[in-house]
Amino acid sequence: MLSAFEKGIHERFTADVPFGAEEELLDHTTLAGQFIGRALLVMLLPLVQVEESGALLERGGQRTLVTWITHAFGKSRKEATDLLRLAYAFHRQELPETATEFWDNNLSLGEASVIARAVERETKKRDTAHHTDAGTYGRMIESGLLAHKRQVPQASVAALDRLARDLGVWFNPTKIDSQEKQAHADRGAVLHQTLDGVFVFRAWGGAADAELFKAALEAFTTPEQYVDDRQQRTYDAWTNLHRFALAHQACREGSGTLSRVNITVPWTTLVGLEGDGPAVTDTGQVLALAEVRALLPDSVIRRLVTDPVSSRVVSVDSTRRVVSASTRAAAFHGHTTCAWAQGCDVPIRFTQADHRVEFHRGGSSRVDNIQPLCSTHNRLEHRLQVAAERRFWKGRARMSPRPEAPNPYAVPNAPRLPGSPPPPGAGGVLRC
């Protein structure tokens, strides 16, 4: 049976690709990948029963199924662990919604695997004093992830993983503060230098300090055309930062804003009221409220008022092609990555302000016509608008609409693509 399948695959994919058939090839490749993923999981389910029966060692020569798969399939231990985590969850009926969507071909093997991994991780990290039952808590995380996937079908596995962390913070509002305090209490740095001149610098601490360090390093990082290696560019930025600090240590005032950390926090959260979202950076990192308040005296506060119906940011109209800083901030609000419709994980700070309708075609520089796109997808969108008749792959089939009750676990600050429906219960929120 598998031999016939392999023969069909060879016949379909070894032939030359005719001109104009690229979109069809991408569709067929995606569909074949989904078939292979489901077939692989089907084969793993009976192996789970073999391991539970205790016969794996005597019959298969390995104590655990993870070890057996690494040798039998030639996969890494991480890949084997992810596959088996999902197989065990399906076998034990721990992820019923994910299993339904997977067998209905609405989720890929990779998406189902990341949901299983995220549910397991966040369940272990939960506040056991408030969430005593692990199963109930895991189903809350699962329901929130699947509801977001239905609202934003283009969400990648990386976006789902980030959302799971946001849900963990949302369900455990006091834990992030205690973790940040503990991380700050355990902070430290070590500069180890060997006799031959080589050194290693290590530092550890809280998430808020990490955001400051990243912003400072990015401010001093040189473009790629000078140094290709990312780690070498980071090292040069670290060196340049310290040279700058030493050269300006006698200055009474700084030379201006060299780096920026963009943080969005509902004003209700900022003043201490409960029930709204946490403080989140433009990269999706959740920060402790105490650390955000500590940054306020040295920060520039920008108010963003959201529409009570659509949750979009209300901004001042602009007739310039060059997007102002305030318009850019309003248009990028709610995004943590590039807004390419088929999904892209380039961080928001590396994106460009793109006109949905190009400026020379009559498009304005208002908030509703601006979106964050990485340089690759910005140029690609321009080429597609120039050649409007070009056929373009629309992406793999997404989750089919399913009538259901509103998601009770939606995170108000979860990234949403423009045009997608607002989260259930989202209203007008004054954000800082």
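Residues numbered from 1 in each chain as written. Predicted model: local features only at pLDDT ≥ 70, side-chain atom pairs only at ≥ 80, totals over all residues. Heavy atoms only, no water.

To continue, consider the pattern of salt bridges. Applying the stated criterion to the full structure yields 17 salt bridges. Here Arg 85 and Asp 82 are joined by a salt bridge, their closest N and O atoms 2.8 Å apart. One end of the pair is Arg 85 and the other is Asp 82, both in helix α5 (residues 77-91) and three residues apart, which spans about a single turn. Of the two residues, Arg 85 and Asp 82, both sit in the buried class. Between Glu 120 and Arg 85 there is a salt bridge whose closest N-O contact spans 3.1 Å. Note that Glu 120 is positioned in helix α7 (residues 109-125) and Arg 85 in helix α5, a separation of 35 residues in sequence. (Salt bridge = Lys/Arg side-chain N within 4 Å of Asp/Glu carboxyl O. Helix = DSSP H or I, 4+ residues; strand = E, 2+ residues; numbered from the N terminus. Buried < 20%, exposed > 50% of the residue type's maximum accessible area, 1.4 Å probe, protein only.)

This part covers the packing of α7 against helix α9 (residues 157-171). Where α7 contacts α9, the axes come no closer than 9 Å and their chain directions differ by 20 degrees. It follows from the interaxial angle that α7 and α9 lie roughly parallel. The hand of the α7/α9 crossing is right-handed. Across the interface between the two elements, Gly 110, Glu 111, Val 114, Ile 115, Ala 118, Arg 121, Glu 122 and Lys 125 of α7 pack against Val 157, Leu 160, Asp 161, Ala 164, Arg 165 and Gly 168 of α9. (Axes fitted to C-alpha atoms, helices over the stretch in contact; angles between N-to-C directions. Parallel < 35°, antiparallel > 145°, perpendicular 65-115°, else oblique. Left-handed = near helix turned anticlockwise from the far one by under 90°. Contact = heavy atoms within 4.5 Å.)

Bringing the nonpolar core into the picture now. With 37 residues, the main nonpolar core has Ile 115 and Leu 145 as its most contacted residues. For this core, the elements supplying multiple residues, two or more each, are α2 (22-53), α4 (65-72), α5, α6 (96-103), α7, α8 (134-151) and α9. Counting residues per element, this core draws most heavily on α5, which supplies eight residues. When neighbours within four sequence positions are excluded, Ile 115 is seen to be in contact with Thr 98, Leu 107, Glu 142, Leu 145, Leu 146 and Leu 160. (Core = buried A, V, L, I, M, F, W, Y, C linked by side-chain atoms within 4.5 Å.)

Here we take up the sheet that holds strand β5 (residues 286-287). Taking strand neighbours across the sheet as the criterion, the three strands line up as β3-β4-β5 in an open arrangement whose pairing is antiparallel. The sheet is open, and its two borders are formed by β3 (263-264) and β5, each paired with just one other strand. As paired strands, β3 and strand β4 (residues 279-281) are joined by two bridges and run antiparallel to one another. Residue pairing in the sheet places Thr 264 in a bridge with Val 280 of β4. (Pairing = 2+ DSSP bridges.)

This paragraph deals with the packing of aromatic side chains. If you walk through the whole model with that rule in mind, you get nine aromatic pairs. Measuring from centroid to centroid gives 4.8 Å for Phe 102 and Trp 103, while their planes differ by 75 degrees, and the two rings are edge-to-face. Judged by centre distance (5.9 Å) and plane angle (75 degrees), the rings of Tyr 137 and Phe 171 are edge-to-face. Of the two residues, Tyr 137 sits in helix α8 while Phe 171 sits in helix α9, which places them 34 residues apart along the sequence. For Phe 171, a relative accessible area of 12% corresponds to the buried category. Joined through ring pairs, the aromatic side chains of Phe 199, Phe 201, Tyr 235 and Trp 238 make up one cluster. Directly above the ring of Phe 13 sits Arg 12, whose terminal nitrogen or CZ lies 5.5 Å from the centroid. (Phe/Tyr/Trp six-rings, centres within 6.5 Å; stacked < 30°, edge-to-face > 60°. Lys NZ or Arg CZ within 6 Å of the ring centre and 35° of its normal.)

By themselves, these observations are geometric and do not establish any function.
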